[in-house]
Amino acid sequence: MHRTKKEQEIIDGLKPVCICKGIKARVFQERVKAGMITVEELKKATGAGSGSCKGERCTPRIREVLEKYGHSGDLKDKVR
Ligand code: FES
């Protein structure tokens, strides 16, 4: 079955990103669309990374969300 880009985005949005805090990818997708492009910005805005694993599990997943929108997730991209 072929999915449209929008359908795939909705499906991706249901995936858990920060398991400790129960935050799904959709929350990060919305923030990225609003202009946040670094991992640190997304953590601060959502509370991700402040759970018991201290971001060990969700940091790579947050970066994956950013990469899907063409961002590396690093601060250096913001200052260019
Ligand atoms: S999964 Fe995000 S703080 Fe643990």
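See the structure printed just above.
Residues numbered from 1 in each chain as written. Predicted model: local features only at pLDDT ≥ 70, side-chain atom pairs only at ≥ 80, totals over all residues.

Draft legend 1. How the structure looks around helix α2 (residues 25–33). Turning to α2, its buried residues are Ala 25, Phe 28 and Val 32. Projected down its long axis, α2 carries its buried residues within an arc of 65°, all on one side. As for α2, its buried residues are in contact with α1 (5–13), β1 (16–18), β2 (23–24), α3 (39–46) and α4 (58–68). In the stretch just after α2, Gly 35 is the one whose phi turns positive, near 115°. (Buried ≥ 20, exposed ≤ 12 C-beta atoms within 10 Å, placed from the backbone. Helix = DSSP H or I, 4+ residues; strand = E, 2+ residues; numbered from the N terminus. Arc of directions from axis to C-beta. Contact = placed C-beta atoms within 7 Å.)

Draft legend 2. Representation of the packing of α2 against α4. Viewed as axis vectors pointing N to C, α2 and α4 meet at an angle of 45°, and their least axial separation amounts to 10 Å. The orientation of α2 with respect to α4, classified from their angle, is oblique. Between α2 and α4 the crossing geometry is right-handed. Between α2 and α4, the contacting residues are Ala 25, Phe 28, Gln 29 and Val 32 on the first element and Ile 62, Val 65 and Leu 66 on the second. Tallied by class, residues from the contact of α2 with α4 come to six nonpolar, one polar and no charged. (Axes fitted to C-alpha atoms, helices over the stretch in contact; angles between N-to-C directions. Parallel < 35°, antiparallel > 145°, perpendicular 65-115°, else oblique. Left-handed = near helix turned anticlockwise from the far one by under 90°. Nonpolar A, V, L, I, M, F, W, Y, C, P; charged D, E, K, R; others polar.)

Draft legend 3. Spatial organisation of α4. Every buried residue of α4 is accounted for by Cys 58, Thr 59, Ile 62, Val 65 and Leu 66. For α4, the angular spread of buried residues about the axis comes to 115°, placing them on one side. Relative to its buried face, α4 has exposed residues pointing more than 90 degrees away, namely Pro 60 and Glu 67. Contacts from the buried residues of α4 go to β1, α2 and α3. Trailing α4 by a residue or two, Gly 70 shows a phi angle of about 85°, which is positive.

Draft legend 4. The nonpolar core, seen in detail. In this structure, Val 17, Phe 28, Leu 42, Ala 48, Ile 62 and Val 65 are the most contacted members of the largest nonpolar core, which totals 14 residues. Elements with a minimum of two residues in this core: β1, α2, α3 and α4. In terms of residues, this core owes the most to one element, α4, which gives four residues. Beyond its immediate sequence surroundings of up to four residues, Ala 48 is in contact with Val 17, Cys 18, Lys 21, Ile 23, Leu 42, Lys 43, Cys 58 and Ile 62. (Core = buried A, V, L, I, M, F, W, Y, C linked by C-beta atoms within 7 Å.)

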